[in-house]
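Observations on the three-dimensional arrangement
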Amino acid sequence: MQDFLNEIEGYVPALRRYARALTRDADHADDLVQDCIERAIRKRRLWSPTGPLRAWLFRILLNLYRNELRASRRRGADIPLEALVVEPAVPPPQPGRIALAEMARAVERLPLEQREALLLVVIEGMSYQEAAGIIGIPAGTLMSRLGRARAALKTMTGASDEPRLRTVK
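Residues numbered from 1 in each chain as written. Predicted model: local features only at pLDDT ≥ 70, side-chain atom pairs only at ≥ 80, totals over all residues. Heavy atoms only, no water.

Describing the side chain of threonine 157
- Mapped onto the elements of the fold, threonine 157 is located in helix α7 (residues 139-157).
- A polar atom in the side chain of threonine 157 sits 2.8 Å from the backbone oxygen of leucine 153.
- If we ignore the near neighbours within four places in the chain, the residues touching threonine 157 are Glu102, Met103 and Ala106. (Helix = DSSP H or I, 4+ residues; strand = E, 2+ residues; numbered from the N terminus. Polar contact = N/O pair within 3.5 Å; in protein donor to acceptor, adjacent residues only side chain to side chain. Contact = heavy atoms within 4.5 Å.)

This is the structure:
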């Protein structure tokens, strides 16, 4: 048994070179060589001492490699997460950014009094009473300005509900 293990040990560098040439991946090649050696030790009774051990080991390695290829074709290719350019569950950000940029340009084109009212209520999250007090107008006038600002934004952007401005009462 010890002679068998010593002889296998002598072939490890050649097995690693062959496995690296097959897989083109050092880690995968090392795993393949390890599986090959494990199988050779486990199945040592199948090896006939009259034949060359080297050829038997290389045959085991090649069979393991081919089995992996067949299995990977059945289940599909393994792609490491680091290799993915875009995460699969994340939608592309461009449509949202375009809509925000369009909305920002539309807000800038609003008359000053409408823009002031809209920014205080929608962006700053103030109540109608607070915003009316800051601007110095009655709450009804503020609500009227907000209504006109929202209608103008809807017309300028051509969007029915997207992006939606929050209504705070």
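Describing the environment of glutamine 129
- By the element assignment, glutamine 129 lies in helix α6 (residues 128-135).
- Along the backbone, glutamine 129 and methionine 143 are 14 residues apart, and their C-alpha atoms lie at a distance of 9.9 Å.

What about the packing of helix α1 (residues 2-23) against helix α2 (residues 26-42)?
- Put simply, α1 and α2 touch, their axes get as near as 8 Å, and they point 145° apart. The chirality of how α1 crosses α2 is right-handed. Residue-level contacts link Phe4, Leu5, Ile8, Val12, Leu15, Arg16, Ala19, Arg20 and Thr23 of α1 to Ala26, His28, Ala29, Asp30, Leu32, Val33, Cys36, Ile37, Ala40 and Ile41 of α2.
- When its residues are assigned to classes, the contact of α1 with α2 shows 14 nonpolar, two polar and three charged. (Axes fitted to C-alpha atoms, helices over the stretch in contact; angles between N-to-C directions. Left-handed = near helix turned anticlockwise from the far one by under 90°. Nonpolar A, V, L, I, M, F, W, Y, C, P; charged D, E, K, R; others polar.)

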